[in-house]
Amino acid sequence: MKALKYANLFRNYALSSIAWSTLMVRIIPTDSCNLNCRYCYQKTNDSPVMTWDTFTQVLAKARKLHVGLLSFLGGEPLLWEHLDDAITLATRHHILTDITTNGVLLNERTIERMAQAGLDCINVSVDTRSDFSMSRKNTLFNPELMAQLKSAEKRFGMKVRMNAVITRKNFSDIKELLELSHDTKTPISLGFVVPELGSADDGDIYFGEEDDDLLHNIVDYILAKKHDKYPVIDPDSYFADVFRFVNHEKFWSCNYPTRFGWFNVTPGGTIRSCTKKMDDTGVEFTSLTSTQIADMKESFASSISGCNHLCYSNCAYDSAFYKKHKISFLINNFSRTF
């Protein structure tokens, strides 16, 4: 089954070079979340929920536009009652799937269900060993849960990955996460905390020019671990360049306007330009045309000129980097994730 998914992805990737497509689609079934992390603005607890009919229509359209990968995120996608059925349907059509979750609802039963449905990768967010005011995403420090995830990885081929947000207050936890990643052979993605566009800085969380020494300690530590073969997914330059971001330089380009067919679909079936902005373009994904895809890329390119230098999302940075370094992507990211 996995071989058929790979074949579908690579065939559709080849097609994306000659025609507009939706090679990768992010499904946001709900913007609601069961946590309230202090740095997070990618949620709203009065969010509508994607209906099953909306999902099947979105998937049908995505298949016509050569989808190769469906990602489920939110909010918290495990709150969506149709998640297992959605993964099953995507698997039936030989489409790779992954999910990003805060891990609170993970247990032996939910892990088994998603693995049997055909989930290819589960990406678990974790920021801290214990609860504190910034975040309560600490589930992977539970040895029993990690053992259950690695068991599903071994039995079903469902890869496990973790991601963490680096703030001014959790460097000691990041160190422990790196050891957990190394000991369990679990790839990890590390991103510097990014404030909401236009928001006031929170000095307890966000880095500033006065944090030069702290940032050097963090960056030197992470790069040393990377060079010791710890499975950190993000490229070296993401960490090395953070000083330029803190100094307000405009030096990197977000990948949103450059990638082929990577669309975020809201609970209502419309397109969201950026998960960080929580916006709604009003364009129905199911009515998407080749002309609209071209127009939206142009629109995205214009919009990031005003926000790119205010954001340092490792998701956007990494995909822009790996678009130019495809061999590194296959070795350091794709092979570890799928």
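Up top you'll find the structure we're talking about.
Keep in mind the model is a prediction, meaning the values are calculated, not measured. (Residues numbered from 1 in each chain as written. Predicted model: local features only at pLDDT ≥ 70, side-chain atom pairs only at ≥ 80, totals over all residues. Heavy atoms only, no water.)

## Focus: the overall build of the protein
Okay, step 1: Scanning the protein from terminus to terminus reveals 12 helices and 8 strands.
Okay, step 2: The C-alpha radius of gyration computed for the protein amounts to 19 Å, which stays within 12% of the reference 20 Å derived for 338 residues, consistent with globular compactness.
Okay, step 3: Residue burial in the protein is summarised as follows: out of 338 residues, 56% are buried.
Okay, step 4: The long-range fraction of contacts in the protein, counting pairs at least 24 apart against all pairs at least 6 apart in sequence, stands at 74%.
Okay, step 5: In the protein, the 38 positive side-chain charges and the 40 negative ones have mean positions that sit 7 Å from each other. (Helix = DSSP H or I, 4+ residues; strand = E, 2+ residues; numbered from the N terminus. Rg over C-alpha atoms; globule rule 2.2 N^0.38 Å. Buried < 20%, exposed > 50% of the residue type's maximum accessible area, 1.4 Å probe, protein only. Contact = heavy atoms within 4.5 Å. Lys, Arg positive; Asp, Glu negative; His and termini not counted. Charge placed at Lys NZ, Arg CZ, Asp CG, Glu CD.)

## A closer look at the packing of helix H4 (residues 108-117) against helix H5 (residues 143-156)
Okay, step 1: Between H4 and H5, the least distance of the axes is 10 Å, while the angle of their chain directions is 20 degrees. Considering their axes alone, H4 and H5 lie roughly parallel with respect to each other. Handedness of the H4/H5 crossing: right-handed. Residues Glu-108, Ile-111, Glu-112, Ala-115 and Gln-116 of H4 pack against Leu-145, Gln-148, Leu-149, Ala-152, Arg-155 and Phe-156 of H5. (Axes fitted to C-alpha atoms, helices over the stretch in contact; angles between N-to-C directions. Parallel < 35°, antiparallel > 145°, perpendicular 65-115°, else oblique. Left-handed = near helix turned anticlockwise from the far one by under 90°.)

## Some points on the packing of aromatic side chains
Okay, step 1: Throughout the structure, instances matching the rule amount to 17 aromatic pairs.
Okay, step 2: With a centroid separation of 4.6 Å and 10 degrees between ring planes, the pair formed by Tyr-238 and Tyr-312 is classed as stacked. Taken as a pair, Tyr-238 in helix H8 (residues 236-240) and Tyr-312 in the loop between helix H10 (290-304) and helix H11 (314-324) lie far apart in primary sequence, 74 residues in all.
Okay, step 3: The class of Tyr-238 is buried, set by a relative accessible area of 0%.
Okay, step 4: Classification of Tyr-312 by relative accessible area gives buried; the value is 0%.
Okay, step 5: Three or more aromatic residues link up through ring pairs in this structure, and these residues are Phe-192, Phe-207, Tyr-238, Phe-239, Phe-245, Phe-251, Trp-252, Tyr-312 and Tyr-317.
Okay, step 6: Positioned over the ring face of Phe-171 is Lys-175, at 4.7 Å from the centre of the ring.
Okay, step 7: We note Lys-175 situated over the ring of Tyr-221; from NZ or CZ to the ring centre the distance is 5.2 Å. (Phe/Tyr/Trp six-rings, centres within 6.5 Å; stacked < 30°, edge-to-face > 60°. Lys NZ or Arg CZ within 6 Å of the ring centre and 35° of its normal.)

## Description of the pairing of strand S5 (residues 159-166)
Okay, step 1: The element S5 is largely enclosed, with a buried count of 7 among its 8 residues.
Okay, step 2: Alignment of strand S4 (residues 121-125) against S5, held across 5 bridges, turns out to be parallel. By the bridge assignment for S5, Val-124 is matched with Met-162.
Okay, step 3: The pairing of S5 with strand S6 (residues 188-192) spans 5 bridges and is classified as parallel. From the neighbouring strand, Val-165 faces S6, where its bridge partner is Gly-191.
Okay, step 4: In this region the chain leaves S5, passes through helix H6 (residues 171-184) and returns to the parallel neighbour S6; the handedness of that crossover is right-handed. (Pairing = 2+ DSSP bridges. Right-handed = clockwise from strand over helix to strand, strands pointing away.)

## A word on helix H7 (residues 212-227)
Given 3.6 residues per helical turn, the α-helix brings residues three or four places apart onto the same face.
Okay, step 1: Given a rise of 1.5 Å per residue, 16 residues ought to cover 22 Å, and the 22 Å separating the end C-alpha atoms of H7 matches this to within 8%.
Okay, step 2: Those residues of H7 hidden inside the fold are in contact with S5, H6, S6, H8 and helix H9 (242-246).
Okay, step 3: Taken from the residues just after H7, Lys-229 is the one with a positive phi, measuring 75 degrees. (Expected span 1.5 Å × (residues − 1).)

## Points about H4
Okay, step 1: Of all the positions in H4, only Thr-110, Ile-111, Met-114, Ala-115 and Ala-117 are classed as buried. The buried residues of H4 occupy an angular sector of 160 degrees when projected down its axis, which confines them to one face. Summarising the geometry of H4, the exposed residues directed more than 90 degrees from the buried face are Glu-108, Arg-109 and Gln-116.
Okay, step 2: Among the structural elements, helix H3 (83-92), strand S3 (96-101), S4 and H5 are those in contact with the buried residues of H4.
Okay, step 3: Where H4 starts, the residue carrying a side-chain oxygen 3.0 Å from the main-chain nitrogen of Arg-109 turns out to be Asn-107. (Arc of directions from axis to C-beta. Polar contact = N/O pair within 3.5 Å; in protein donor to acceptor, adjacent residues only side chain to side chain.)

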